[in-house]
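One letter stands for each residue in the lines below.
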Amino acid sequence: MPTVRTAAADPLTTSGDLLVVGAFKGGIAAPGVAAVLDALGLDEVPSTASFRGEAGQRLRLAAPGLAVGSVLFVGLGRMDAVDAEGLRRAAGVAASEARCLPGVERVVTTLAHLHPRASSITALAEGFVLGGHVERRFREPRPGEADLTATELLVLVPSSLAAAAQGAAERGVVYAEAAVRARALVDLPPDRKQPPELATRFAELCSPGCEVTVRDEDWLAAEGFGALSAVGRGSAAPPRLVELRYRPARPTGTVTLVGKGITFDTGGVSLKRGEGMAGMKADMAGAAAVAAACSALADLGVTVEVTALLGLAENAIGADAQRPGDVVTARDGQTIEVLDTDAEGRLVLADLLAYAAESRPDAVVDVATLTGTAVAALGSYASALFASDDDVASGLAQAAAATGEAQWRLPLWSDLERFLDSDVADVANIGDEPGGGAIVAALFLRRFTAGLPWAHLDIAGPALLSKGLARDHLPVGATGVATRTLLAWLEGRSAA
Ligand code: BES
Ligand code: MN
Ligand code: ZN
């Protein structure tokens, strides 16, 4: 991973391979750039056919007379619209440029002068680390596909910020490295992360910061996790439950995080069609985000006690696979009529939410790639948030805004719960009316939360990015979405 340092230094005399400076739409130089233009012998920010200072644009120039190899102008868009996310993206552009230049060891930037505050430095560090990581490929890397492992980002800061700067930068690195760990696991091919193997990887990720217990299929069956067990029955690779416990010295509260970890979702006997099955290796993205967040709690000094429950299973078809019409019994004794084996995520979560509620934490948050309907409603852009508690909802909304992860709250309309009525069991796992599928799924989950303050993040859309929405700090493929939101939320609850 790249490292990030901060210094209250002059960009004209600071040595490095690449100096990254900002330019707004219309060619307006960002604060701190005038002297650099002078040294380059330029009157103004250069404007070309492909560089007009629009967000995401870039222009690299040789830098005779400066202590750096070249200068990269990064477009920031409208001057009055740049925020922390704008800086995060700009740092991502810098990282992707650095990846394409051979032998870059140090990137220097004046971008923190734009909004001289700690959150800007954190965002720059985050964007650079996120943009500097390239997913593992099972072939020879092509140009620009190498990680920025040996590269350092030096963030130049005004002297007023010098004291707080390094801590702010390190916080950004911790956030981004956590998200990168989630990305790596979500991008992993499904044959390389079946439940037992993925459980081991999660355990490695989270120890020594957390106590780790891995429960096997026999324990799950004996302890009444009938729904999770049923989902796992179609696969030759048995299901697992990973329990993580982060115990700070003097806990200021307790939170349980729950993650859906379907290592591949064929739909089961209610088999998905080809197109719908593409990308289903990412059906463990909720569990990955939760585990990745847990791996960073100690580094951030979170003071909330966190328990994480990761439900791992492969939703496959096999001789012993569950059938539409089966009735399974969840951990809390509720019986579920499985009308559609492709609605498996909510089965896994039913057991885990019921188990989570047994220890009565202050709040429960689950993260899951739960419904295609959430994608239909919000596109791949945003996560859908459902919450039984307004404080938890507003805390998560604040955290999402601070980290640049788009999130939109949808309602839990109790009137729709009737759709889940079953003649033969307490509840059916799909609704018998069309429409509102993401809401109906969330209402199903709510039945298992025992009335605790609870929120559900449906990340089916943003877990994987396609070309249209990809950016330098979030390239095509897995995003690690919700990792950073969870961290910001837990940090927020620590401060309180
Ligand atoms: N893993 C899928 C949801 C999903 C869809 C995630 C698209 C990412 C992209 C989930 O298990 C599923 O299959 N949901 C069904 C529910 C239906 C059978 C009620 C769906 O959304 O179609
Ligand atoms: Mn499914
Ligand atoms: Zn699924």
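Caption draft 1: Looking closely at the overall build of the protein. Summing up its helical and strand segments, the protein has 15 helices and 20 strands in all. Whereas a compact globule of 496 residues would reach a radius of gyration of roughly 23 Å, the protein reaches 24 Å, a difference of no more than 12%. For the C-alpha atoms alone, the extent of the protein along its principal axes is close to 80 × 50 × 40 Å. Burial statistics for the protein: of 496 residues in total, 57% are counted as buried. Taking the intrachain contacts of the protein between residues at least 6 apart in sequence as the baseline, contacts between residues at least 24 apart amount to 78%. Carbon together with sulfur atoms contributes 51% to the accessible area of the protein, which is approximately 19,000 Å² in total. Distance from the positive charge centre (43 side chains) to the negative charge centre (60 side chains) of the protein: 4 Å.

Caption draft 2: Focus on the sheet that holds strand 17 (residues 427-428). Strand order in the open sheet made by the three strands is 12-13-17, with mixed pairing throughout. Each edge of the open sheet is held by one strand with a lone partner, namely strand 12 (327-329) and strand 17. Looking at chain direction, strand 13 (residues 335-337) and strand 17 are connected through two bridges and run parallel. Residue pairing across strands places Ile336 opposite Val427, the latter belonging to strand 17.

Caption draft 3: Region of interest: the coordination of the manganese ion (ligand 2). For the manganese ion (ligand 2), the full set of protein donor atoms is Asp265 (OD), Asp342 (O), Asp342 (OD) and Glu344 (OE), at a range of 2.1 to 2.2 Å. Classification of the site at the manganese ion (ligand 2) rests on its six donor atoms, whose angles at the metal span 71 to 170 degrees, yielding the label irregular. Written as a sequence motif, the donor residues of the manganese ion (ligand 2) are D-x76-D-x1-E. The metal-metal distance between the manganese ion (ligand 2) and the zinc ion (ligand 3) comes to 3.2 Å, with Asp265 coordinating both. Remark: Glu344 occurs in the loop between strand 13 and helix 11 (345-358) and Asp265 occurs in strand 10 (residues 254-265); sequence separation between them is 79 residues. Take Asp265 and Glu344: they sit in the same class, and that class is buried.

Caption draft 4: Representation of the site of ligand 1 within the structure. As a matter of local geometry, ligand 1 sits amid 15 residues, with Lys272, Asp283, Asp342, Glu344 and Gly372 nearest to it. The separation between a nitrogen atom of ligand 1 and a polar main-chain atom of Leu370 is 3.5 Å. Look at ligand 1: alone it shows 520 Å² of surface, and the protein chains cover 74% of it. Its residues assigned to classes, the shell around ligand 1 shows four nonpolar, three polar and eight charged.

Caption draft 5: Representation of the pattern of salt bridges. With the rule as written, the count across this model stands at 32 salt bridges. Residue Arg137 is joined to Glu145 by a salt bridge in which the shortest nitrogen-to-oxygen separation is 2.9 Å. Residue Arg233 is joined to Asp320 by a salt bridge in which the shortest nitrogen-to-oxygen separation is 3.4 Å. Within this pair, whereas Arg233 is found in the loop between helix 7 (226-232) and strand 9 (240-246), its partner Asp320 is found in the loop between strand 11 (305-315) and strand 12, the two being separated by 87 residues in sequence. The exposure class of Asp320 is partly exposed, given its relative accessible area of 44%. Ionic contacts of the salt-bridge type, sharing partners, join the residues Glu85, Arg88, Arg89, Glu126, Glu405 and Arg484 into one network.

Caption draft 6: Broad picture of helix 14 (residues 437-446). Judged by how many residues are buried, helix 14 sits mostly within the fold: eight of 10 residues are covered. Every buried residue belonging to helix 14 is among Ala438, Ile439, Val440, Ala441, Ala442, Leu443, Phe444 and Leu445, and all of these are buried.

Caption draft 7: Inspection of the coordination of the zinc ion (ligand 3) at higher detail. In the first shell of the zinc ion (ligand 3), the protein supplies Lys260 (NZ), Asp265 (OD), Asp283 (OD) and Glu344 (OE), at 2.0 to 2.4 Å from the metal. Considering all six donor atoms around the zinc ion (ligand 3), angles at the metal cover 78 to 172 degrees and the coordination shape is octahedral.

Caption draft 8: Molecular detail of the packing of aromatic side chains. This structure, assessed with the given rule, holds four aromatic pairs. Ring centres of Trp219 and Tyr355 lie 6.2 Å apart, and the angle between their planes is 70 degrees; on these two criteria the pair is classed as edge-to-face. Taken as a pair, Trp219 in helix 6 (residues 217-222) and Tyr355 in helix 11 lie far apart in primary sequence, 136 residues in all. Overall, the relative accessible area of 21% leaves Trp219 in the partly exposed class. Residue classification places Tyr355 among the buried positions, given a relative accessible area of 14%. Look at Phe444 and Phe448: their rings are 5.2 Å apart centre to centre, the planes differ by 45 degrees, and that puts the pair in the tilted class. Like Phe444, the residue Phe448 is buried in the burial classification.

Caption draft 9: Examining the domain arrangement of the protein more closely. Taken domain by domain, the protein comprises domain 1 (3-159) and domain 2 (184-495). With 14 residues of domain 1 in contact, the opposing surface of domain 2 contributes 13 residues. Regarding the contact of domain 1 and domain 2, the summed buried area is about 1,200 Å², with carbon and sulfur atoms giving 50% of it. Summed over the shared surface of domain 1 and domain 2, the number is two salt bridges. The shortest N-O distance in the salt bridge between Glu126 and Arg484 comes to 2.5 Å. At the boundary of domain 1 and domain 2, one finds five residue pairs in polar contact (both at pLDDT 80 or more). Secondary-structure elements contributing two or more residues to the side of domain 1 that touches domain 2 are helix 2 (84-100) and helix 3 (118-131). Of the residues that constitute the side of domain 1 that touches domain 2, the class distribution is three nonpolar, four polar and seven charged.

Definitions and cut-offs
- Residues numbered from 1 in each chain as written.
- Chains lettered and ligands numbered in written order.
- Predicted model: local features only at pLDDT ≥ 70, side-chain atom pairs only at ≥ 80, totals over all residues.
- Heavy atoms only, no water.
- Helix = DSSP H or I, 4+ residues; strand = E, 2+ residues; numbered from the N terminus.
- Rg over C-alpha atoms; globule rule 2.2 N^0.38 Å.
- Buried < 20%, exposed > 50% of the residue type's maximum accessible area, 1.4 Å probe, protein only.
- Contact = heavy atoms within 4.5 Å.
- Areas by Shrake-Rupley, 256 points an atom, 1.4 Å probe, with all protein chains shown as cover.
- Lys, Arg positive; Asp, Glu negative; His and termini not counted.
- Charge placed at Lys NZ, Arg CZ, Asp CG, Glu CD.
- Pairing = 2+ DSSP bridges.
- Donors = N, O, S within 2.8 Å, 3.2 Å for Na, K, Ca; no water.
- Tetrahedral: all angles 85-135°; square planar, octahedral: opposite > 155°, others 65-115°.
- Near = heavy atom within 4 Å.
- Polar contact = N/O pair within 3.5 Å; in protein donor to acceptor, adjacent residues only side chain to side chain.
- Nonpolar A, V, L, I, M, F, W, Y, C, P; charged D, E, K, R; others polar.
- Salt bridge = Lys/Arg side-chain N within 4 Å of Asp/Glu carboxyl O.
- Phe/Tyr/Trp six-rings, centres within 6.5 Å; stacked < 30°, edge-to-face > 60°.
- Domains from an automatic or database assignment.
- Buried area = accessible area lost by both parts, 1.4 Å probe.

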